[in-house]
Structure formats: C-alpha cells, structure tokens
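Remarks on the overall topology
In case you want the letters, here they are:
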Amino acid sequence: MSSMLLILLQSLVLVSSAPPRCDPRFWGMCVPTVEDKPKCTDVVLFYCNDMSYTQTMFPNILGHNTREDIEASAEYLLISVVESLLGGVCNPEIRMLGCSMLAPRCEKEKVLKPCRSSCEAVRKRCGHSFEGIQMAWPYFLDCDRFFVSDQEGCYDPLEGVSAQWDEEAIDGIEVLPPEQSATMLKFKYHSNAEMVSILKKTAAQCSNITRTYSIGRSTEGRELLVIEFSNNPGEHVLLEPEIKYIGNMHGNEVLGRQLLIYLTQYLCSEYLLRNERIQTLINTTRIHILPSMNPDGYEVAVSGVSDNNDFDSQEGLRNYFSNTGRNNAQNIDLNRNFPDLTSIVYSRRRKKGYHTDHIPIPDSYWFIKVAPETYAVMNWIRSIPFVLSASFHSGDLVVSYPYDLSKHPLEHNMHSPTPDDEVFKLLAGVYANAHEIMSNENAQCGSSRANSKKGIINGAQWSSLAGGMQDFNYLHSNCFEVTVGLGCDNFPHEEELVDAWQDNQEALITFMEAVHRGIKGIVKDEEGNGIKGAKISIRGIRHDITTAENGDYWRLLTPGIHIVSASAHGYSRATKKVHLPRHMATAGQVDFVLKKAPLEPDTQEEEGSIPSMGTYDRFDPYSQFGHYTQMADMSQNREERVEKPWWWNYFVLPGAPAPTWMLKRY
C-alpha cells in the first residue's frame, strides 16, 4: 500500500514540474490554437425567413455573434414591429433591408453585401414615414455605410419585391415631404412631445398661412405652444378679427386637446386642397389654437391611464379620473385661478359710472398663488385683440356662457346674465346647433341637464364659480368666450375619437365663422389717423369694447337695429343707427370719424370710478413674470423633463444600452 502511494506521489510531482504545454521557453511544446473560420449557416430568424437566400454567417455585419444576440437586439425588435409602427406602409421593404444586415447573405463561405441603390430607393419612399413618428432613419440602414455599389458586386435584398416596381416606377412615385404626415389624422392620444411635433410639422407644411409661437411655460417647464392660421401669420391685419381656441385647461379632460390637434391638421390639409370655405375662413380671420393649457396635468392623467388600465368598466375609469391630473403641477385648478372680476362688477352695479368692460385687475390678486399657465394666458389675452374664444372641457355635453359666478351669494344655480346675454345665447347656440347631437335634449348628460336648453346654459345657473376664464375674458378684454363641454367622459377610449371628431368638426368651423357676425369698422380722426383705445358703445348694453392699435374694432351683436356710438378722450362722440339683417354673412362695416373737442367734465370722474384698483394698464405690479420665467427655466433643465416619443419605452430593453440611435435629436 505504501509503495503504491509513493508511486502516485512521484507521478504528481512529475506532472507539476512539467513545463507548460504552451511555454515559449520550450521549443516545440507550444500548440497554437486554430480558430474555426466562419461558415455559412441556415437563416433561422422568424422575421427573415422569406428572404431570397437561405444561408447567412456569424458574426453578422452589425457584430452580433449568435442568433440569440440578434433576437435580443433593438434592431431586430424594430424590424419585427415596423409594419405596425409605420401604419402598414413600407412593408416588407424596411424589414427585408434590415434582414440583409442582421442575417447577411452568405455564399461559398463569404458574406455578400446588399446594393446601395436598393437602400436609396427605399429611403426615398419611406423616409417620411419615420419622420412622422419622430424616429431617426435606422443607423443600420445607412446606405453609404453598410451598402455597396453595383460595381462592387452587390445583390438586391428586395429580390421579388423590387420586381414589382422598377426604377422607372420609383422615379414616378409622388414622394411626400416629411411634413405630409402632419396632416394625416391619427385617432389616438398624443403625448406632449407628439403634440408639439404635429403643430410644428403642420406649420412647416402650411408655412404661408401658419406659424407656431409660445405664450410661456407650464409649472414644470413645458411649452404652451400656439399655432396660428392667417393669410399674414404673425401680423394683425386691419379689420381682420382674431379668435382663439383653448383646450386641456383641466389636464384630465383630454378630448378638447385631441380635437384641436385634429383641427390644426384639418385646416392645413383642406387649405392646400383648395377647400373654398376653409380658404375664405383663413384668409379673413386670424385663428389662434392652444391645444393644451395644462400639459403637466395631462402627463399625470395619461400616466394614470397606463397604471390603471384594468378598470372593469368605463364608469370606473370615469370616476377615477374625476380629479387625477385635473389641476396643474402646483395643484391649482386653472379655471378658478383668474382674477374674480365678476364680484367687483356685482359690488359696483348700483354706483355711478358702473360698467362691465376692461375692469382692472386688483393689486390684491397678485398676493395669491397665480399659476404660470394662468399668467401666460392673461398676458396673451391682453396682447392680442381677440374677439371670440372657446375653451373646451369634459364632464358634460353643453355650451355654457357668462357669467360663471352667481349674482346672489347664497344661490349657486341662479341665472346670472351679462349685459350681452342675447349675444352669448346666440354664440353658444351656433356651436350647439352645428354639433351632431348637442342640441338634442335626449343626448345631454351630466349636471347641466336640469337647466340647459337645446345644449346651452348660463354658467352660474349650471354651477357657480369664481375666478373662471370666460368671465375674465369678457370683463377684462374685448373677447367673448364660451365654455364647450364635449361629453361626460373625461378620457374616452381611443376608438371613440373618430366619432367625437365627426360630431364636432362642423361646429368647430361654424363657431369660428361666427366671429364675423355683428359690426366692424375703423375709428379715425379728421386727418385719417386711426384712434387707439376709442370706445364703441351700444345703447342698452352696458359693455363697451375698444379699438385696436390702428383704430379698428369688431363688435359682436345680434340681428336687429342698434344705436352705435364711438368716443375717445379729446374727441366728440359720434353716433350711428345700424340695421343688421338676420342672415348677414359678414359683419357690417361701420366707420367713424371723430372731431377734436375739449374733455367732457365727467371724463376724469368716470376714469377714476375704481380708484382702489389702479388703472387697466397696471398688470403684474410685483414683477411675477420674472419669477415664473426663472421657475420654468429651472424646471426645463431637469433631466427628467427630456421627453421621449411615444414608442421609446417599447425599445428600451432590460440590461441593454438605450437605443438612442432611434432619436432624431439625440
């Protein structure tokens, strides 16, 4: 036994003392490792099994070493979903080009590269489709980098497909510009990034009649982007009325936001198609559309949809969204955040010099928390001579009009009319009657049903509130605003968006055309110069409007006979009798020439009728604008504010680098 153990130990010593098998100090002992040369192997990728060849090689052109590496890559994921991603276009061309990179053709143990001409033809046909979803052209389909010329011995990866369209056919195809997709209505909810992209692409496509501009930023730094339609975008045209649409004031009331996005696309495409009605509207009206006043709230609301998509019923969904995302990021209800000028009017209605127009903002208002979104819209209202406006909400199917605040403090459902009650009823009826079902009593829903008539209701009679936007428009500016309730579901299913657009399309256009009702004109002095700030008064209506920069004005009125006066400081008053027929297609033009005259004795008394509030021009006395701008800029610089397209999360794979090559501006 001991001798056997000794022999075993000696063996171990000999082995341990033996030189290494590949030690270069010992000649002839090294045996070099011979690597197997790559060989052609079968194509076994599901999405590449219809290629014209059956053999490929690893590693592939992109550096993937195995089939498993390919199937776990973002590149393969992209070609597997590209048909759905692009809405069915450019299939199978994009997929087959991708397969020529992921599973390249192999013949005689050699990889063949695809033809550059095939790649360029597909990019020419399909590049705009990637633009439409804010995705960069895939790096692995770089025609110059990965594809070769015919002279270098390439092959056509689209063999069998390209036979259906030869080079002559390709040249004859009408290639849509990248912006063309902006006018294609996609009945889905759009993220904030998608919304901004659509507005900017629409403006680029219809650059002669549109522009985008920002009125400020939200609490979290998101841009409050407006798109404008006009035959002279960016300029106020003499005697051309201005109208605005505002959506998504409450972040969880999303239908108005979507409808306004569709409206911008519709106006652009129909103008290009020479739709006479749309061309006339845009050529005679300056239209401003703010699809989302509360983009921060929308982000909260849409996140709630993703996290709570297992509700058993639409009713459960509706209840959940009664508050989620409604307010802005500061938890402020924007439709309660405007100055309460209605209470001021009520408190002074029996005093001398009582009026209901151009009420100054009390200094005390600035001591409350004023939301950046509210501030931006107030400044916007003051900077442009808007004539007509509509704000779009959900929760009811009705059009409400001022006043929103009840004239009796203890009565919360009391009809509280403005001096222009008949005008507001007319305007609200224009939208309700043009809507497919709103004026139908049986179609109405929500709390307005008890008091609404044919789809319209006085705001205070419906639900009294202070600090609302439509009262502020009427009492602080020339603008007449109504609130449109688009239905009882705050966040309807996407399949319902088509019907919602069809229900509201005609009403959206007809309401804009209503800005041309009543009268318009220019107030000049005897030398022919326009008089800014002249008052236009209607006998029997204690609400004046004022002239714009060059002396032009617009006054919405009902049909009938009206006594109209124009007055200005240092000029004598001029009065005219006007008859407006019931079916006038455009506003009647009533011009005034005012003569120089000494100031009337009661002028200064009238101007000082609200001395405790300061003057109308006193806006933002404590320089809140700088505070809001700084706050928004800080929020914008946060890393989490960088928004990605809607498809981004689908391609971010666990444990893999983020596919930033898909982003256009990374």
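Below is a short write-up of the structure. (Residues numbered from 1 in each chain as written. Predicted model: local features only at pLDDT ≥ 70, side-chain atom pairs only at ≥ 80, totals over all residues. Heavy atoms only, no water.)

The number of helices and strands found in the protein is 21 helices and 20 strands. Per-residue burial for the protein yields a buried fraction of 52% across its 666 residues. Total accessible area computed for the protein in this model is approximately 31500 Å², and 50% of it derives from carbon and sulfur atoms. (Helix = DSSP H or I, 4+ residues; strand = E, 2+ residues; numbered from the N terminus. Buried < 20%, exposed > 50% of the residue type's maximum accessible area, 1.4 Å probe, protein only. Areas by Shrake-Rupley, 256 points an atom, 1.4 Å probe, with all protein chains shown as cover.)

Evaluation of the coordinates by the stated rule reveals six disulfides. Each sulfur of the disulfide joining cysteine 48 and cysteine 99 lies 2.0 Å from the other. Here cysteine 48 and cysteine 99 share a disulfide; its torsion about the S-S bond, -85°, makes the bridge left-handed. Of this pair, cysteine 48 sits in the loop between strand 1 (41-42) and strand 2 (55-56) while cysteine 99 sits in helix 4 (residues 93-102), and the two are 51 residues apart along the sequence. The residues cysteine 48 and cysteine 99 share a single accessibility class, namely buried. Covalently, cysteine 206 is tied to cysteine 268 through a disulfide, its sulfur atoms 1.9 Å apart. Looking along the S-S bond of the cysteine 206-cysteine 268 disulfide, the torsion reads about 90°, which is the right-handed sense. Remark: cysteine 268 occurs in helix 9 (residues 255-272) and cysteine 206 occurs in the loop between helix 8 (192-205) and strand 5 (210-217); sequence separation between them is 62 residues. (Disulfide = S-S within 2.5 Å.)

On to unusual backbone geometry, then. Residues asparagine 91 and proline 92 are joined by a peptide bond in cis, for which omega reads 15°. With an omega dihedral of 0°, the bond running from proline 402 to tyrosine 403 counts as a cis peptide bond. By the secondary structure assignment, tyrosine 403 is in the loop between strand 10 (396-401) and helix 15 (421-434). We note that glutamate 109 has phi near 60°; this positive angle belongs to a residue other than glycine. Within the secondary structure layout, glutamate 109 lies in the loop between strand 3 (105-107) and strand 4 (110-112). One non-glycine residue, histidine 358, lies in the positive phi region at around 50°.

It is worth spelling out the sheet that holds strand 8 (residues 286-290) at this point. The mixed open sheet is built from eight strands, whose spatial order is 5-6-8-7-9-12-10-11. The open sheet has two edge strands with one neighbour each: strand 5 and strand 11 (456-458). Taken pair by pair, the neighbouring strands of this sheet meet at an average axis angle of 25°, ignoring direction. The sheet contact formed by strand 6 (residues 223-229) and strand 8 spans three bridges and is antiparallel. Bridge pairing in strand 8 links isoleucine 227 to isoleucine 289. In the packing of helix 9 onto the sheet, contacts are made with strand 6, strand 7 (242-247), strand 8, strand 9 (386-393) and strand 12 (480-487), and the angle to strand 8 comes to roughly 140°. Each of strand 7, strand 8, strand 9 and strand 12 touches helix 18 (residues 497-513); the most contacted strand, strand 7, lies at about 145° to it. (Pairing = 2+ DSSP bridges. Axes fitted to C-alpha atoms, helices over the stretch in contact; angles between N-to-C directions. Contact = heavy atoms within 4.5 Å.)

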